[in-house]
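# Observations on the model geometry
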Amino acid sequence: MNICKTVTLRTRKIKDGRQLSFYLDYYPGYRDEATMKVIRHESLGIYIYAKPKNQRERDYNERMTERAEALRCRRYEAVVNERYDFFDKEKTKGDFLAYFKAKAGKKNKKWEHVYKHFHRFTAGKCTFGEIDVELCNRFKEYLLVAPQFLHTKRKLHINSVAGYWSTFRAVLHTAYRERKIRENPNGFLERIDTIPTEKEHLSQEELERLADTPCDAPVLKNAFLFACLTGLRKSDVKALTWENIQPYGDGRMYVTVRMQKTKDLVNNPISDEALELAGPRGTGRVFPGFTDSMTQAPLKKWLKAAGITKRISFHSSRHTFGSLQVEAGTSIYVVQRLLAHKNVSTTQIYADMADELKRQSVDKITLKHHVTEQEAGTEGKSNLAV
């Protein structure tokens with residue numbers, strides 16, 4: 001589409017022709033960056049008398065016409081700046097927090113959490129013009145000591161801080177790409193390194209033992225074991241409906257969900273055991289009555305009854321799925337697709353957690369002499385001779 005070349009101030013009749021309304025006529029039009037719609041006319045919300053009857057009304061018309069013309073000049077300046085790649089100074093006065101909130105609403109919970117922290121850091125006020133390296137680094141320092149929203153007496157874990165900081169930098173990159181800020185601070189901002197953490201998971205023996213142990217909340221037991229067999233997160237298990245579980249052409253049942261956390265679409269086959277845990281096919285949610293509160297005391301009580309002393313959370317079911325798949329010999333790239341990891345390096349963690357493979361691998365190196373088949377045969381003949 002052609003770049004807008006002219007902005008003309010025009011009027012149209014309203015209210016039976018007694019008043020005129022000012023509007024701007026853009027030729028040949030421009031595309032709004034937020035809605036991506038082509039705008040050709042813009043009402044200014046300024047009205048004048050169509051036929052002024054006295055000096056007071058004529059003076060009023062003159063003042064309103066001046067204001068409308070000032071707005072036309074401001075809009076035309078923005079058009080010229082866009083045409084010649086000049087940065088529009090009016091953009092710097094825009095509300096960065098409102099922009100951030102809108103972007104977070106289209107992403108995921110992490111973006112929303114980062115928005116809340118930045119909102120608290122700026123006391124609810126921040127324009128695009130205030131975004132610079134110094135402000136960003138101060139927000140980084142804030143994150144390093146900031147308390148959690150739920151557990152206010154606990155600081156954010158360093159890995160959470162690293163993730164939040166990375167998300168904030170993504171917001172900055174998007175704002176720069178959309179020409180909301182003049183410069184991209186990211187080139188001057190240092191990343192925050194994460195620290196390795198142990199992802200607790202159940203061994204095959206522990207998983208079997210847990211499955212054989214009664215649970216006071218049957219829906220919790222079914223939901224947790226279902227997650228161990230599918231790798232779905234708690235949020236996805238809670239939201240799972242029977243419409244998400246459908247047969248495909250190969251005769252297998254598949255679960256198709258858009259993950260709550262990442263918004264990625266997952267389409268995975270599920271085992272007969274997982275279907276059995278889901279129960280008889282119905283309508284609505286697959287695990288009705290399953291709540292977050294069950295993943296605290298009830299889950300701990302069930303684990304204790306099974307004799308499991310590890311610090312297992314509901315999310316450990318996803319780690320259990322990944323690690324046991326690797327131990328069973330599933331390709332790391334297949335596990336990556338099953339878990340919908342963007343990077344295989346994330347999935348590689350489960351290879352490090354595969355204890356059984358580690359035990360098998362360390363026995364492959366020995367200080368003892370390897371007896372060949374020929375040597376074994378010779379030794380057998382010697383024994384017979386004796």
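On a predicted model such as this, the values are computed, not experimentally measured, just so you know.

Where helix α7 (residues 218-230) meets helix α11 (residues 316-327), the axes come as close as 7 Å, and the angle between the chain directions of the two elements is 35°. Regarding α7 and α11, the two cross each other, and that crossing is right-handed. Touching F224, A227, C228, L229 and T230 of α7 are S317, T320 and F321, all from α11. Within the contact of α7 with α11, the residues separate by chemical class into five nonpolar, three polar and no charged.

Listing the buried residues of helix α12 (residues 332-339) in full gives I332, V335, Q336, L338 and L339. The buried residues of α12 all sit within an arc of 165° when viewed along its axis, so they share a single face. Pointing more than 90 degrees away from the buried face of α12 are the exposed residues Y333 and R337. The positive-phi residue at the C-terminal boundary of α12 is A340, with phi of around 60°.

Core analysis: the largest hydrophobic core is formed by 39 residues, its most contacted members being L210, L220, F224, F226, L240, F287 and F290. If we ignore the near neighbours within four places in the chain, the residues touching F224 are L202, L210, L299, W302, I312, S313, F314 and S317. The next biggest cluster of nonpolar side chains, apart from the first, holds 30 residues, and it includes W111, F118, F139 and I192.

Glancing now at the environment of H157. Structurally, H157 is set in the loop between α4 (133-145) and α5 (158-177). For the pair H157 and I195, spaced 38 residues apart in the sequence, the C-alpha separation amounts to 9.9 Å.

A few words now on the sheet that holds strand β5 (residues 253-258). The strand order β4-β5-β6 describes an open sheet built from three strands, whose pairing is antiparallel. The open sheet has two free edges, formed respectively by β4 (245-247) and β6 (265-269), since each of these has just one partner strand. Averaged over neighbouring strand pairs, the angle between their axes works out to 30° when direction is ignored. One ladder, built from five bridges, connects β5 with β6; its direction is antiparallel. Counterpart to R258 in the pairing with β6 is L265.

Once rolled over the atoms, a probe with the size of a water molecule shows which space is left empty. Inspection of every chain in the model, using the stated rule, returns one cavity of 30 Å³ or more. Here the largest cavity defines a volume of roughly 30 Å³. Around the largest cavity sit T230, G231, L232, V255, M259, V266, N268, R318 and L338, which together line it. Here the lining of the largest cavity is built from residues that sort into five nonpolar, three polar and one charged.

What counts, and where the lines are drawn
- Residues numbered from 1 in each chain as written.
- Predicted model: local features only at pLDDT ≥ 70, side-chain atom pairs only at ≥ 80, totals over all residues.
- Heavy atoms only, no water.
- Axes fitted to C-alpha atoms, helices over the stretch in contact; angles between N-to-C directions.
- Helix = DSSP H or I, 4+ residues; strand = E, 2+ residues; numbered from the N terminus.
- Left-handed = near helix turned anticlockwise from the far one by under 90°.
- Contact = heavy atoms within 4.5 Å.
- Nonpolar A, V, L, I, M, F, W, Y, C, P; charged D, E, K, R; others polar.
- Buried < 20%, exposed > 50% of the residue type's maximum accessible area, 1.4 Å probe, protein only.
- Arc of directions from axis to C-beta.
- Core = buried A, V, L, I, M, F, W, Y, C linked by side-chain atoms within 4.5 Å.
- Pairing = 2+ DSSP bridges.
- 1 Å grid on protein atoms, 1.4 Å probe; cavity = no way out; pocket = protein on both sides within 12 Å on 5 of 7 lines; lining within 4 Å.
- Points joined across faces, edges and corners; volume = space filled by probe spheres on them.

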